[in-house]
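Summary of the model geometry
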Amino acid sequence: MKLRPKQPSSNLLDVDITGMIDVVFLLIIFFMTTAQFARMTRADIDLPQEAGEELDSQMSAGIIVNIAEDGSIIVEQQVIDLNRLVRKVAAEVALAGDDASNVELTVRADRNLSAGVLNDIARGLAEAGLRGVRLATEPPRGGGS
Amino acid sequence: MKFRANTAPRSVVNRLQVTSMIDVIFLLLIFFMATTTFSQPEAHLTPGLKEQRAAGRASDLEPQIVDVVRDGDRDVFRLGARVLIDKASLVAALRELPLEPGVFVRVSDDVRVESAAAAVQACRDAGFEKVSYVPAS
């Protein structure tokens, strides 16, 4: 009588790595999405070094208007002129039921930019119906103001 | 003689070779971690927007006004007749004023954005809740 020889057991350890793979996938998705969003909304701007205000709650950034040192206006990676920006903001205000307080807008202006450009944009935004603007700053390193 | 019945199903999961997949996933993870540049946290200043109209009502610019103007090769802050050259002295001067009427920051075209932001920040630091940004005409 011939018995079937016993199969050698595998040298591989039976480690349950399902949880680890889940976490690793989550990390990959996190890094991929955050990197993409940062590229889409924030241009490389040297912001004014100010501590800013303590806002009550985490508000959405809304429309992000980047103004480079050369005065070019960049919205969603596209260089646009002031008239187009004003039309875009006016459309957002109309979409919000003509209530400008529902439209969030953040201006990220280069610290060395001439304020004349910022003034033109402020006039355009006021013309579009906005009554306030959020000016992005970079808190100084070390926490001082 | 009694042989053990070979009825226990062999686990399919145990034979799944995921080593290559894990290698690739770790490579991807390391790639994204190495190439990601975390952006600096940003703060915000939230002034109101006002337009200065030539034919506006006299009360349009009734509150206290901080003028940010160019003086030679530097930006200065003017509060009434006082000329202040830095943010700290502007904050000290603003603290002497009543908070209730609010303050307008009127910015000339020829100053830098950094000075305009410093003026708004000084108003906030001095305790003003109503701060408005006014482009100088």
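Thresholds, definitions, all that
- Residues numbered from 1 in each chain as written.
- Chains lettered and ligands numbered in written order.
- Predicted model: local features only at pLDDT ≥ 70, side-chain atom pairs only at ≥ 80, totals over all residues.
- Heavy atoms only, no water.
- Helix = DSSP H or I, 4+ residues; strand = E, 2+ residues; numbered from the N terminus.
- Buried < 20%, exposed > 50% of the residue type's maximum accessible area, 1.4 Å probe, protein only.
- Contact = heavy atoms within 4.5 Å.
- Areas by Shrake-Rupley, 256 points an atom, 1.4 Å probe, with all protein chains shown as cover.
- Pairing = 2+ DSSP bridges.
- Axes fitted to C-alpha atoms, helices over the stretch in contact; angles between N-to-C directions.
- pLDDT = per-residue confidence, 0-100.
- Buried area = accessible area lost by both parts, 1.4 Å probe.
- Salt bridge = Lys/Arg side-chain N within 4 Å of Asp/Glu carboxyl O.
- Polar contact = N/O pair within 3.5 Å; in protein donor to acceptor, adjacent residues only side chain to side chain.
- Nonpolar A, V, L, I, M, F, W, Y, C, P; charged D, E, K, R; others polar.
- Patch = residues over 30% accessible without salt bridge, like charges linked within 9 Å, V, L, I, M, F, W, Y side chains within 5 Å.

1. Topic: the overall build of chain B
Secondary structure assignment for chain B yields three helices and seven strands. Ordered by position from N to C terminus, the α and β elements of chain B give α-β-β-β-β-β-α-β-α-β. Looking at chain B residue by residue over its 137 residues, the buried ones come to 41%. In chain B, 72% of the contacts between residues at least 6 apart in sequence involve partners at least 24 apart. Carbon and sulfur atoms make up 56% of the accessible area of chain B, which totals about 8500 Å².

2. Some details on unusual backbone geometry
Residue and element names in this part refer to chain A. A positive phi is found at E76, a non-glycine position, where the angle reads about 50°. As for its placement among the helices and strands, E76 is situated in the loop between β2 (73-75) and β3 (78-80). Judged by relative accessible area, which is 52%, E76 ranks as exposed. The backbone phi angle of Q77 is positive, close to 70°, even though this residue is not glycine. Mapped onto the elements of the fold, Q77 is located in the loop between β2 and β3. Under the relative-accessibility criterion, Q77 is labelled exposed at 54%.

3. Describing the sheet that holds strand β2 (residues 48-49) of chain B
The six strands are arranged β2-β7-β6-β3-β4-β5 (chain B) in an open sheet whose pairing can be described as mixed. A single partner strand is all that each edge strand has here, and the edge strands are β2 and β5 (82-84) of chain B. In terms of strand pairing, strand β6 (residues 103-107) of chain B meets strand β7 (residues 131-135) of chain B through five bridges, oriented parallel. Across the sheet, R106 of chain B pairs through a bridge with V134 of chain B, a residue of β7 of chain B. Against the sheet, helix α3 (residues 115-127) of chain A contacts β2, β6 and β7 of chain B, and its axis sits at roughly 110° relative to β7 of chain B.

4. Some details on the confidence of the model for chain B
Per-chain confidence: chain B averages 82 in pLDDT, with 78% of residues scoring 70 or above. No element of chain B has a lower mean pLDDT than helix α1 (residues 19-35) of chain B, which averages 84, and none a higher one than helix α3 (residues 113-125) of chain B, which averages 94.

5. Regarding the interface of chain A and chain B
Contact residues are listed per partner, giving 52 residues for chain A and 47 residues for chain B. Interface area for chain A against chain B, summed over the two sides, is near 4300 Å², with a carbon-plus-sulfur share of 62%. The three residues of chain A that bury the most area against chain B are F31, E50 and E53 of chain A, which together make up 15% of that side's buried surface. Summed over the shared surface of chain A and chain B, the number is four salt bridges. Here R124 of chain B and E53 of chain A are joined by a salt bridge, their closest N and O atoms 2.6 Å apart. Inspection of the region where chain A meets chain B yields 21 residue pairs in polar contact (both at pLDDT 80 or more). Among the secondary structure elements, those contributing two or more residues to the side of chain A that touches chain B are α1 (18-41), β4 (105-109), α3 and β5 (134-137) of chain A. Looking at the side of chain A that touches chain B element by element, the count peaks at nine residues for α3 of chain A. Split into classes, the residues belonging to the side of chain A that touches chain B amount to 28 nonpolar, 10 polar and 14 charged. For β5 of chain A and strand β1 (residues 43-45) of chain B, the ladder comprises three bridges, and the chain directions are antiparallel.

6. Structural notes on a nonpolar patch on the surface
Taken together, the side chains of M20 of chain A together with F26 and I30 of chain B present a nonpolar region at the surface, about 260 Å² in accessible area. Given a relative accessible area of 36%, M20 of chain A falls into the partly exposed group.

7. Some points on the environment of L113 of chain A
Structurally, L113 of chain A can be placed in the loop between β4 and α3. By relative accessible area, L113 of chain A is classed as buried at 1%. Along the chain, L113 of chain A and E69 of chain A lie 44 residues apart, while their C-alpha atoms are 4.9 Å from each other. Ignoring anything within four residues of it in the chain, the contact list for L113 of chain A reads I67, A68, E69 and G71 of chain A together with V111, R112 and V113 of chain B.

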